[in-house]
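# Survey of secondary and tertiary structure
Listed here are the chains, written in short residue letters.
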Amino acid sequence: MKKTERILIAAVVLAICVWFLFPTIKWYFFVPAEDKALTTGSSLQVKEYSQGQAQEVLRYLQDNPNAGIPKEYSFVIELAKGNGGTEAKTCADVLAAFSASTDDGQALMSAVEQYCREKIQGLKELSSKALQLGLDLKGGMSILLDVDPSSLEQRLGHQPSESEISAAIDEDIEILKNRIDQFGMAEPEIRRQGDDQILIELAGTPDPERVDAFLKGKGSLAFHLADTLNTQRMSAYLDENPAESEKIVEAIRNDLPFTAPSFLPEDRVAAGLFATDEYGLEQLVGVVVIYRQAALDGGYLLSAEKSKDSTSNQPSVAVKLSDEGGSIFYDFTKKHVGQPLAIVMDGHVKSVATIRDALSTNVQITGFSDEEAENLTIILKTASLPISVTVSSQQTVGASLGEDSVRIGLRAIVFGFLLVVVFMLVFYSFCGLIADVALIMNLLMMVATLGGFGSTLTLTGIAGLILSVGMAVDSNVIIFERIKDELRALTPPKKAVSVGFAKAFWTILDSNITTIIAALVLMFFGSSAVKGFATTLAIGIVSSLFTSLFLSHLLMDLTVGERIAITWRRRSMV
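An account of the accompanying structure is given in this report. Computed from a predicted structure; not experimentally measured. (Residues numbered from 1 in each chain as written. Predicted model: local features only at pLDDT ≥ 70, side-chain atom pairs only at ≥ 80, totals over all residues. Heavy atoms only, no water.)

## Topic: the pattern of salt bridges
- Counted under the stated rule, the structure contains 10 salt bridges.
- A salt bridge links aspartate 170 to arginine 192, with the nearest nitrogen and oxygen atoms 2.8 Å apart. With aspartate 170 in helix 9 (residues 162-182) and arginine 192 in strand 3 (residues 189-193), the pair connects residues that are 22 residues apart, well separated along the chain.
- The partner of glutamate 250 in a salt bridge is arginine 253, with the nearest N and O atoms 3.2 Å apart. Taken together, the residues glutamate 250 and arginine 253, both in helix 12 (residues 242-253) and three residues apart, mark about one turn of the helix.
- For glutamate 250, a relative accessible area of 41% translates into the label partly exposed. (Salt bridge = Lys/Arg side-chain N within 4 Å of Asp/Glu carboxyl O. Helix = DSSP H or I, 4+ residues; strand = E, 2+ residues; numbered from the N terminus. Buried < 20%, exposed > 50% of the residue type's maximum accessible area, 1.4 Å probe, protein only.)

Next comes the structure, spelled out in structure tokens:
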């Protein structure tokens, strides 16, 4: 391979590493602590904060019209310009920019609320792309679930035995593991607690709404025929009876039983129509009367994929049914063409669409936000829980290690790295410097890989980093000693470098392959803490192979001429 091609490969790898590291560097070094704290709140807390900030800004501007814009509210200057105003210098200028389109400051408040919401959502997205710290380094969330044996009894049709309950709990754990993994949450720890509880520990600051989504999502998808006439009667009844309406709406919103109006037939039920707002919160937007008996339930579902509706380009979920389910659904939809069909997920009506044509095994359902469609796809893919669970407790837990322990671990990496750098310089002169450059690149690649692929850094991961730094230089030592052997045989420096790398290649490859096999075994069969160490070690082995066999070789080819400085002796090896 030509030098220019090798340089290009090295440059591409470096660029990828910088790209992967950018979110981590930006998050940990350029985002203020108070902004980081905002991302730990739930969507409801974000909504309350954004609306509170909007009211606070408006109040300050109205109370201080002749004052300048304070630093903490400087963002309103850009908001005013975006609303058609000129460069705002005082609070009155900002108010004037919104005065033409506002009633009691509502336009200004809406703009500020949107700014705050988008800022926090952007910070949450940045946080999700940065290198995550484990439960032992950063703390996280601890969730205790109680299992409900009565739900298993309903599913089985008989009183479950202890062994059946135990097997169902184990199946719950596997399903929850799959959900957590597909939801992209960092290195979870999930295990049985006692005979009837499941403990989940999530590192970092997971979004509470996403946690609720994978815990509460039962994966019960069903299609129900909607009753248009009784839906209209129900709406009129709620409008004419405010007191009763409040009770019914509150019961529907909180999934509680309620007494339906007498005009509803026995085979109909009033269900809530829910939609998500700009914060991702599910809101009750109406009441739909549907037939109690489902036209088709999720038991016939084979697969689910997130997609886009071809007509509206809105997020949707493409569902594939079994042949039997497709046949049932085809007969039903053919019979009810022109009638409304409700898509019901876990008891909530997500959308109501008119049946335009007979449908078979492939069904596309809409009425979801982008994130909701993704969450629904994951829940449907991972199946419903065989035994229902309820959240017994959900609390934030602190890091099991103190800041001093974390600081000591990071200091060990730095000191270990510096000692290796000094060692290589002392023993191998300028060639040692090349090895140090490769070592820096190796460390950069390791951290970039961990961050870019959403891995979690734990204390055991730090141990893996330290070990990888020490091991990474071994390959260079082997190569340099082979080069020395060639130089002692009076081989010219350029050829000595080529022969040295060739002779060391298989020795280095064999030793690293055996180590990576051991790391892979630990990754698949070890506990959560061991997996952190094994993952970091495996990444370190792969990156050290690249830096020692490719990058070091490239640097030596670029710098070695008629003489080579591979020792501090006065007489250079020739």
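## Quick notes on the pairing of strand 10 (residues 315-321)
- A large share of strand 10 lies buried, amounting to five of its seven residues.
- Sheet analysis places strand 9 (residues 301-308) next to strand 10, joined by seven bridges and oriented antiparallel. By the bridge assignment for strand 10, lysine 306 is matched with valine 317. (Pairing = 2+ DSSP bridges.)

## Some points on the packing of helix 3 (residues 43-63) against helix 5 (residues 91-99)
- Put simply, helix 3 and helix 5 touch, their axes get as near as 8 Å, and they point 115° apart. You can see that helix 3 and helix 5 cross each other, and the crossing is left-handed. Along its contact with helix 3, which presents Leu58, Tyr60, Leu61 and Gln62, the element helix 5 presents Cys91, Val94 and Leu95.
- Class assignment for the residues of the contact of helix 3 with helix 5 results in six nonpolar, one polar and no charged. (Axes fitted to C-alpha atoms, helices over the stretch in contact; angles between N-to-C directions. Left-handed = near helix turned anticlockwise from the far one by under 90°. Contact = heavy atoms within 4.5 Å. Nonpolar A, V, L, I, M, F, W, Y, C, P; charged D, E, K, R; others polar.)

## Some thoughts on the environment of leucine 465
- The residue leucine 465 is located in helix 16 (residues 459-488) in this model.
- By relative accessible area, which is 5% here, leucine 465 ends up buried.
- In the structure, leucine 465 is positioned 19 residues away from methionine 446 in sequence and 8.0 Å away in space, judged by C-alpha atoms.
- When residues no more than four places from it in sequence are discounted, the contact partners of leucine 465 are Ile413, Leu443, Met446, Leu457 and Thr536.

## Notes on the side chain of aspartate 557
- With respect to the secondary-structure elements, aspartate 557 resides in helix 18 (residues 528-559).
- If near-sequence neighbours (up to four positions away) are discounted, aspartate 557 is found in contact with Lys3, Arg6, Lys494 and Val497.

## Examining a nonpolar patch on the surface
- A cluster of nonpolar side chains, contributed by Ile513, Ile517, Leu520, Val521, Phe524 and Phe525, occupies part of the molecular surface with about 650 Å² of accessible area.
- On the secondary structure map, valine 521 appears in helix 17 (residues 493-525). (Patch = residues over 30% accessible without salt bridge, like charges linked within 9 Å, V, L, I, M, F, W, Y side chains within 5 Å. Areas by Shrake-Rupley, 256 points an atom, 1.4 Å probe, with all protein chains shown as cover.)

## Side note on the packing of aromatic side chains
- Per the counting criterion, the structure on display carries eight aromatic pairs.
- Summarising the aromatic geometry, the rings of tyrosine 237 and phenylalanine 263 are spaced 5.8 Å apart at their centres and angled 70° between planes, so their arrangement reads as edge-to-face. A residue pair is termed long-range when its members are at least 10 positions apart, and tyrosine 237 in helix 11 (residues 228-240) and phenylalanine 263 in the loop between helix 12 and strand 6 (268-276) qualify at 26 residues.
- Positioned above the aromatic ring of tryptophan 27 is the side chain of lysine 36, whose terminal nitrogen or guanidinium carbon lies 5.7 Å from the ring centre. (Phe/Tyr/Trp six-rings, centres within 6.5 Å; stacked < 30°, edge-to-face > 60°. Lys NZ or Arg CZ within 6 Å of the ring centre and 35° of its normal.)

## A closer look at the nonpolar core
- Ile479, Phe480, Ile483, Met556, Ile564 and Ile566 are the most contacted members of the largest nonpolar core, which totals 38 residues.
- Listed by contribution, the elements that provide at least two residues to this core are helix 15 (403-452), helix 16, helix 17 and helix 18.
- The element that contributes the greatest number of residues to this core is helix 15, accounting for 13 residues.
- Among all residues touching phenylalanine 480, those that are not within four sequence positions of it are Met424, Tyr428, Cys431, Gly432, Ala435, Met556 and Ile566.
- Counting 21 residues, the second largest nonpolar core, distinct from the first, contains Tyr73, Leu79, Leu108 and Cys116. (Core = buried A, V, L, I, M, F, W, Y, C linked by side-chain atoms within 4.5 Å.)

## Describing the packing of helix 3 against helix 6 (residues 106-129)
- Packing of helix 3 against helix 6 leaves a shortest axis separation of 8 Å and a crossing angle of 140°. Viewed along their axes, helix 3 and helix 6 adopt a mutual orientation that is oblique. Helix-helix and strand crossings are classified by hand; for helix 3 and helix 6 the assignment is right-handed. Only Leu108, Met109, Val112, Glu113, Cys116, Arg117, Ile120 and Lys124 of helix 6 make contact with helix 3, whose side of the interface consists of Val46, Tyr49, Ser50, Gln51, Gln53, Ala54, Gln55, Val57, Leu58 and Leu61.
- When its residues are assigned to classes, the contact of helix 3 with helix 6 shows 11 nonpolar, four polar and three charged. (Parallel < 35°, antiparallel > 145°, perpendicular 65-115°, else oblique.)

## Examining the side chain of arginine 6
- Topologically, arginine 6 is positioned in helix 1 (residues 3-30).
- Among residues more than four places away in sequence, those in contact with arginine 6 are Met1, Phe550, His553, Leu554 and Asp557.

## Points about unusual backbone geometry
- A positive phi angle, close to 55°, is found at aspartate 255, a residue other than glycine.
- When you line up the elements, aspartate 255 lands in the loop between helix 12 and strand 6.
- Since its relative accessible area comes to 54%, aspartate 255 is described here as exposed.
- Of note in this structure, serine 429 is not a glycine but carries a positive phi near 55°.
- For serine 429, a relative accessible area of 9% translates into the label buried.

## Structural notes on the environment of asparagine 362
- Assignment of secondary structure puts asparagine 362 in strand 13 (residues 362-366).
- According to the relative accessible area criterion, asparagine 362 is exposed, its value standing at 55%.
- Separated by 42 residues in the primary sequence, asparagine 362 and lysine 320 have C-alpha atoms spaced 4.7 Å apart.

## Details of the pairing of strand 5 (residues 221-225)
- Extensive coverage of strand 5 is indicated by the burial of five of its five residues.
- Side chains Leu221, Phe223 and Leu225 of strand 5 all project onto a buried face; the interleaved residues Ala222 and His224 project onto the opposite face, where all are buried too.
- Across five bridges, the pairing between strand 5 and strand 11 (residues 340-345) is antiparallel. Paired with leucine 221 across the bridge in strand 11 is methionine 345.
- The pairing of strand 5 with strand 8 (residues 296-297) spans two bridges and is classified as antiparallel. In the sheet register, phenylalanine 223 faces strand 8, and the bridge partner there is leucine 296.

## A closer look at helix 4 (residues 75-82)
- Among the residues making up helix 4, those that are buried are Phe75, Val76, Ile77, Leu79 and Ala80.
- Glycine 84 sits one or two positions beyond helix 4 and adopts a positive phi of about 95°.

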